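# Structure assessment
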Amino acid sequence: MTENPWALKRRKTLQPEEVQKILRAAESINLRDYTILMLIANLGLRVGEAVNLKYSDFDAERNTVRVFTLKQGEETIDELFVHTDIFALVTKFAEDEKCGKGLLFTGAGGSALSTRAVQKIYDRCAVLAGVETKTNKKGQRGRGVHSLRHFCAAQYVSAGADRATVAARMRHRSMKSTEAYFDTFNEQEWVKKIGIVK
């Protein structure tokens, strides 16, 4: 993972070492918590998308996952490429948990895992990892579990992905959402990042 200039400016977004600490903390708790946070951080999933995943949404032949999104009353289905390591983790989790065709992530008694439960998982892991989850003057969390989604987008930008790639990966309906990640990079930062050809 590369240093994240977007995160340095915005500070709501986590740095790679902070995400790694949170993921290590989740891994020390259980495979479910680790797997769901890995998916959010690496695929840029919204929490609601993550809790509604089924193992049958993953396609082993193509290394993809179908992501169902309900936004403003409209459902969309997107297909995302999944890194082989993430796919292996999901497969191991699904086999260990005997997920079958039901939801991938469940809570006590097999009930659906709520988005609030995922926020609590994240909060617990952040505390264990020693990563601060700042709040603003209104008491609103500035670096909640959704910041893992921002982290994913910022990683793509930091690696040099173009706007269309970031927009597609993050499933943004409006380029304005994508532009927020690029607006923080100025020409000087890009010159430093790109360097020179000798």
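Residues numbered from 1 in each chain as written. Predicted model: local features only at pLDDT ≥ 70, side-chain atom pairs only at ≥ 80, totals over all residues. Heavy atoms only, no water.

Structurally, the position occupied by Glu49 is in helix α4 (residues 47-51). Polar side-chain contacts of Glu49 include one of 2.5 Å to the side chain of Thr69. (Helix = DSSP H or I, 4+ residues; strand = E, 2+ residues; numbered from the N terminus. Polar contact = N/O pair within 3.5 Å; in protein donor to acceptor, adjacent residues only side chain to side chain.)

In this fold, Leu39 is placed in helix α3 (residues 31-43). For the pair Leu39 and Leu89, spaced 50 residues apart in sequence, the C-alpha separation works out to 9.6 Å. Ignoring anything within four residues of it in the chain, the contact list for Leu39 reads Gly44, Leu45, Leu53, Phe58, Ile86, Val90, Leu104 and Phe105. (Contact = heavy atoms within 4.5 Å.)

On any regular strand, side chains alternate: one points to one face of the sheet, the next to the other face. Of the pairings in the sheet, the one linking strand β2 (residues 64-71) to strand β3 (residues 74-81) comprises eight bridges and is antiparallel in character. In the sheet register, Val67 faces β3, and the bridge partner there is Asp78. The hairpin formed by β2 and β3 contains two residues between the paired strands, and Gln72 there has a positive phi angle of roughly 55°. (Pairing = 2+ DSSP bridges.)

Moving on to the pattern of salt bridges. Pairing between side chains becomes possible if they bear opposite charge and their charged atoms approach one another. Considering all chains together, one arrives at seven salt bridges under this definition. Ionic pairing is found between Asp57 and Arg66, a salt bridge with its closest N-O pair at 3.2 Å. For Asp57, a relative accessible area of 5% gives the class buried. Here Lys92 makes a salt bridge to Asp96, at a shortest N to O gap of 2.9 Å. Taken together, the residues span about one helical turn, with Lys92 and Asp96 both in helix α5 (residues 84-97) at a distance of four residues. For Lys92, a relative accessible area of 44% translates into the label partly exposed. Using a relative accessible area of 41% as the deciding quantity, one classes Asp96 as partly exposed. In this structure, a network of salt bridges that share partners links the residues Arg32, Asp33 and Arg124. (Salt bridge = Lys/Arg side-chain N within 4 Å of Asp/Glu carboxyl O. Buried < 20%, exposed > 50% of the residue type's maximum accessible area, 1.4 Å probe, protein only.)

Take the packing of α3 against helix α6 (residues 115-129) next. Contact pair α3 / α6: the axes reach a minimum separation of 11 Å and the direction vectors enclose 100°. Judged by the inter-axis angle, α3 sits roughly perpendicular to α6. Contacts between α3 and α6 involve Arg32, Asp33, Ile36, Leu37 and Ile40 from the former and Val118, Ile121, Tyr122, Arg124 and Cys125 from the latter. Taken together, the residues of the contact of α3 with α6 break down into seven nonpolar, no polar and three charged. (Axes fitted to C-alpha atoms, helices over the stretch in contact; angles between N-to-C directions. Parallel < 35°, antiparallel > 145°, perpendicular 65-115°, else oblique. Nonpolar A, V, L, I, M, F, W, Y, C, P; charged D, E, K, R; others polar.)

Moving on, we get to the packing of aromatic side chains. Following the criterion strictly, the structure yields three aromatic pairs and no others. A ring pair is formed by Phe58 and Phe87, whose centres lie 5.9 Å apart and whose planes are at 75°; its orientation type is edge-to-face. Residue Phe58 is found in strand β1 (residues 58-59), and its partner Phe87 is found in helix α5; the two are separated by 29 residues along the sequence. The exposure class of Phe87 is buried, given its relative accessible area of 9%. Feature note: the residues Tyr55, Phe58 and Phe87 constitute an aromatic cluster, connected by ring pairs. (Phe/Tyr/Trp six-rings, centres within 6.5 Å; stacked < 30°, edge-to-face > 60°.)

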